[in-house]
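# Summary of the model geometry
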Amino acid sequence: MTGGDRAVSPVFSYVLTLGITTILIVGLLVAATGYVDDQRQQTTENQLQVIGQQLSADISAADRLARTNGAEDVAIRRDLPDRIVGSSYTITVKDDGSGPTEYYLELSTARPDVTVTVGIASMTDLATNGVGGGEVVVSYDSADDELEVSNE
């Protein structure tokens, strides 16, 4: 063996160490990104479910108040978050027969793409419309005999 052969070993060891380290770091970043995306989607779904339950309870309360004798001016206000997990969301009152109840709420975000449905216990008709987050008002229109969900 000559003295020139020994210089290859430290360079080869250094390159090999850098290559293995790079592969490990890239693998960790890919795994962490998938984990963070899954957690973000689950958190978004949970928050939409909570918001939907709160609004559904408000609609049910407004329904009970509207059905009392002489009810004309019923309004329940709720301050909902403008954004959840950094994304805006929409709340739509629907009655197309594909939900858990006759009228139901469909809450959705674009990023991540999450949609949640929440049933509404109401004997009074509801105006089907969509609203965003922020201050939401559930009001009773005695002329049309229906409840309406709107942004203030």
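Reading the values: rules and limits
- Residues numbered from 1 in each chain as written.
- Predicted model: local features only at pLDDT ≥ 70, side-chain atom pairs only at ≥ 80, totals over all residues.
- Heavy atoms only, no water.
- Helix = DSSP H or I, 4+ residues; strand = E, 2+ residues; numbered from the N terminus.
- Buried < 20%, exposed > 50% of the residue type's maximum accessible area, 1.4 Å probe, protein only.
- Contact = heavy atoms within 4.5 Å.
- Pairing = 2+ DSSP bridges.

Looking at the element boundaries, Glu146 is found in strand E9 (residues 146-151). Taking the relative accessible area as the measure of exposure, Glu146 reaches 22% and is therefore partly exposed. Counting along the chain gives 23 residues from Glu146 to Met123, while the straight-line C-alpha distance between them is 9.7 Å. Look past the residues within four positions of Glu146 in its chain and what remains in contact with it is Thr124, Asp125, Leu126, Ala127, Ser139, Tyr140 and Asp141.

Of the two faces of strand E3 (residues 87-94), only one is covered, namely that formed by Ser87, Tyr89, Ile91 and Val93; the face formed by Ser88, Thr90, Thr92 and Lys94 stays uncovered. Here strand E2 (residues 83-84) pairs with E3 via two bridges, running antiparallel. Bridging across to E3, Arg83 finds its partner in Ser88. Taken together, E2 and the strand that follows it, E3, pair antiparallel across an intervening segment of two residues, in which Val85 is found at a positive phi of about 50°. The pairing of E3 with strand E4 (residues 104-109) spans six bridges and is classified as antiparallel. By the bridge assignment, Val93 is partnered in E4 with Leu105. Both E3 and strand E7 (residues 130-132) contribute to a ladder of three bridges, which runs antiparallel. The residue of E7 that forms the bridge with Ile91 is Val131.

To continue, consider the sheet that holds strand E1 (residues 75-79). The strand order across the open sheet formed by four strands is E1-E8-E9-E6, and the pairing between neighbours is mixed. The outermost strands of the open sheet, each flanked by one partner alone, are E1 and strand E6 (125-126).

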